[in-house]
Each structure stands twice: as C-alpha cells, then as structure tokens.
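# Coordinates in review
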Amino acid sequence: MKWNARKRLQSVLGLSVADGQLRAAHVARAKSAVAVLKSTTTTLSLDLFHPEIELIGHEFKNHLEAARIRERHCVVAIPARWIMSQHTKVPDLSPEDTASLLAIEAEKGFPCDPDELQIARSPHRSTESAYVTQLAIRKDQLTRLMAVTKSAGLKPVSFS
C-alpha cells in the first residue's frame, strides 16, 4: 500500500486585507524558526466587494510583483470585521445533544441562517462549567476572498 504523503511547504505567503490595506509577508522555514524573507504593506485602490473580482486579483498580483514576492502558496487572514462570535454556556449533555444545542444557539444568535455560515467551535472549561465559543463567517464572503486570491494567481492553503 502506498501512502499519499503531502509534502510540507518550505515557504508560504501570509496575506491580510483590512481597512483598505494589503499586508503580505513571505516566510520560510529556517533550522529551528521561521524567517521573514520579504514583506510589504500597501493601500488598495479597490474594495474587496468591488463587483469585478478579476480587477481586485490583478491589483493584488501587481502589488506582490512590485514587492518582488513570487511565492504563490498563501495563508489568508480573514478580516476581523467579518467574524461574528457567540459565547454559550453548555450543560453536561451527550455530544449529539450538545451539537443540537449549539445549532439552536447559532440560529438565535447570528443575524443570518446558519446554513449561510461557516462556523468554527472552540470549547473551553472553567471550574464551574463548560462553554463553547462559536465563530462564524458568511460563506459568500469566504468564497469571494478565495476567488480574489485565485484570480491573483495565488494558491490558498488556509484561511484563518
């Protein structure tokens, strides 16, 4: 049997788009650390919600080329203002009941249908009880961010 082992990337481009600025850092593995090879910060002329995704992607590509950043594999930071959060106290329940409770809380707490959201859950415990923080982003925003990066010729590895 042959295992399909994914090769670990030796370098990656970190991207952040917030407040009309594109921040990029090309980082690579060093012996026991991560080294920043190149970085840039630039003001974008187009908003992420501009109707023509290709133009936004072209602007990203131009800024990266101007900074001489050629890495295409990237990790993209989701703009903080896109993230919705909800904190829920969770009683001792079975995993199925906990999932149902959190789905109901998402329906009540988020301003849109949970089917339109990408939801991540982070459980934590205090001395008294258990809690779950639900973080959500609209799927259409995530899809748009993915389309912009691909239009720029980038290969998104992760969205954080």
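Residues numbered from 1 in each chain as written. Predicted model: local features only at pLDDT ≥ 70, side-chain atom pairs only at ≥ 80, totals over all residues. Heavy atoms only, no water.

### Thoughts on the overall build of the protein
Within the protein one finds three helices and eight strands. Walking the protein from its N terminus toward its C terminus, one meets helices and strands in the order β-β-β-α-β-β-α-β-β-α-β. Taking 2.2 N^0.38 as the reference for a compact globule, 160 residues should give roughly 15 Å; the C-alpha atoms of the protein span a radius of gyration of 19 Å, well beyond that estimate. Structurally, the protein occupies a C-alpha span of about 55 × 45 × 35 Å along its principal axes. Residue pairs at least 24 apart in sequence account for 53% of intrachain contacts in the protein once pairs closer than 6 positions are excluded. (Helix = DSSP H or I, 4+ residues; strand = E, 2+ residues; numbered from the N terminus. Rg over C-alpha atoms; globule rule 2.2 N^0.38 Å. Contact = heavy atoms within 4.5 Å.)

### Side note on the sheet that holds strand β7 (residues 130-138)
Spatial ordering of the open sheet is given by β5-β7-β6, a layout of three strands whose pairing is antiparallel. Strand pairing shows two members of the sheet lacking a second neighbour, β5 (84-90) and β6 (117-125), which therefore form its edges. Neighbour-to-neighbour, the strand axes of the sheet open up by a mean angle of 20 degrees, direction not taken into account. Two strands pair when backbone bridges link them, and β6 and β7 are joined in this way by nine bridges, in the antiparallel orientation. Residue pairing for β7: Arg-121 is matched across the bridge by Gln-134. In this fold helix α2 (residues 95-109) packs onto β5, β6 and β7, with an angle of close to 135 degrees to the strand it touches most, β5. (Pairing = 2+ DSSP bridges. Axes fitted to C-alpha atoms, helices over the stretch in contact; angles between N-to-C directions.)

### What to know about the packing of aromatic side chains
With the rule as written, the count across this model stands at one aromatic pair. Aromatic side chains Phe-49 and Trp-82 sit 5.5 Å apart centroid to centroid with 45 degrees between the ring planes, which places their arrangement in the tilted category. Here Phe-49 is found in the loop between β3 (34-43) and α1 (53-66), whereas its partner Trp-82 is found in the loop between β4 (73-77) and β5, with 33 residues between them in sequence. (Phe/Tyr/Trp six-rings, centres within 6.5 Å; stacked < 30°, edge-to-face > 60°.)

### Observations regarding the nonpolar core
Judged by nonpolar contacts, the single largest core of 21 residues is most densely connected at Leu-13, Leu-15, Leu-48, Phe-60 and Leu-154. Core analysis: the second largest hydrophobic core is formed by six residues, Met-84, Ala-106, Cys-112 and Leu-117 among them. (Core = buried A, V, L, I, M, F, W, Y, C linked by side-chain atoms within 4.5 Å. Buried < 20%, exposed > 50% of the residue type's maximum accessible area, 1.4 Å probe, protein only.)

### A closer look at the pairing of β7
As a general feature of sheets, a regular strand has side chains that alternate between the two faces. Burial analysis of β7 places seven of its nine residues in the buried class, which makes it a mostly covered element. The hairpin formed by β6 and β7 contains four residues between the paired strands.

### Some remarks on α1
Taking 1.5 Å per residue, 14 residues should reach 20 Å; α1 reaches 20 Å between its end C-alpha atoms and fits that length. Taken as a whole, α1 has its buried residues at Ile-56, Gly-57, Glu-59, Phe-60 and Leu-64. End-on, the buried residues of α1 take up no more than an arc of 155 degrees, which puts them together on one face. Opposite the buried face of α1, at more than 90 degrees from it, the exposed residues are Glu-54 and Ala-66. For α1, the elements touching its buried residues are β1 (11-18), β2 (21-29), β3 and α3 (139-151). Arg-68 sits one or two positions beyond α1 and adopts a positive phi of about 60 degrees. (Expected span 1.5 Å × (residues − 1). Arc of directions from axis to C-beta.)

### Considerations on α3
Here α3 is 13 residues long and its end C-alpha atoms lie 18 Å apart, about the 18 Å a rise of 1.5 Å per residue gives. Of the residues making up α3, those classed as buried are Gln-141, Leu-142, Arg-144, Leu-145, Val-148 and Thr-149. End-on view of α3: buried residues confined to an arc of 160 degrees, all on one side of the axis. In α3, those exposed residues whose orientation departs by more than 90 degrees from the buried face are Thr-143 and Lys-150. Buried-residue contacts for α3 involve β1, α1, β4, β6, β7 and β8 (155-159). Just downstream of α3 lies Gly-153, where phi reads positive at about 85 degrees.

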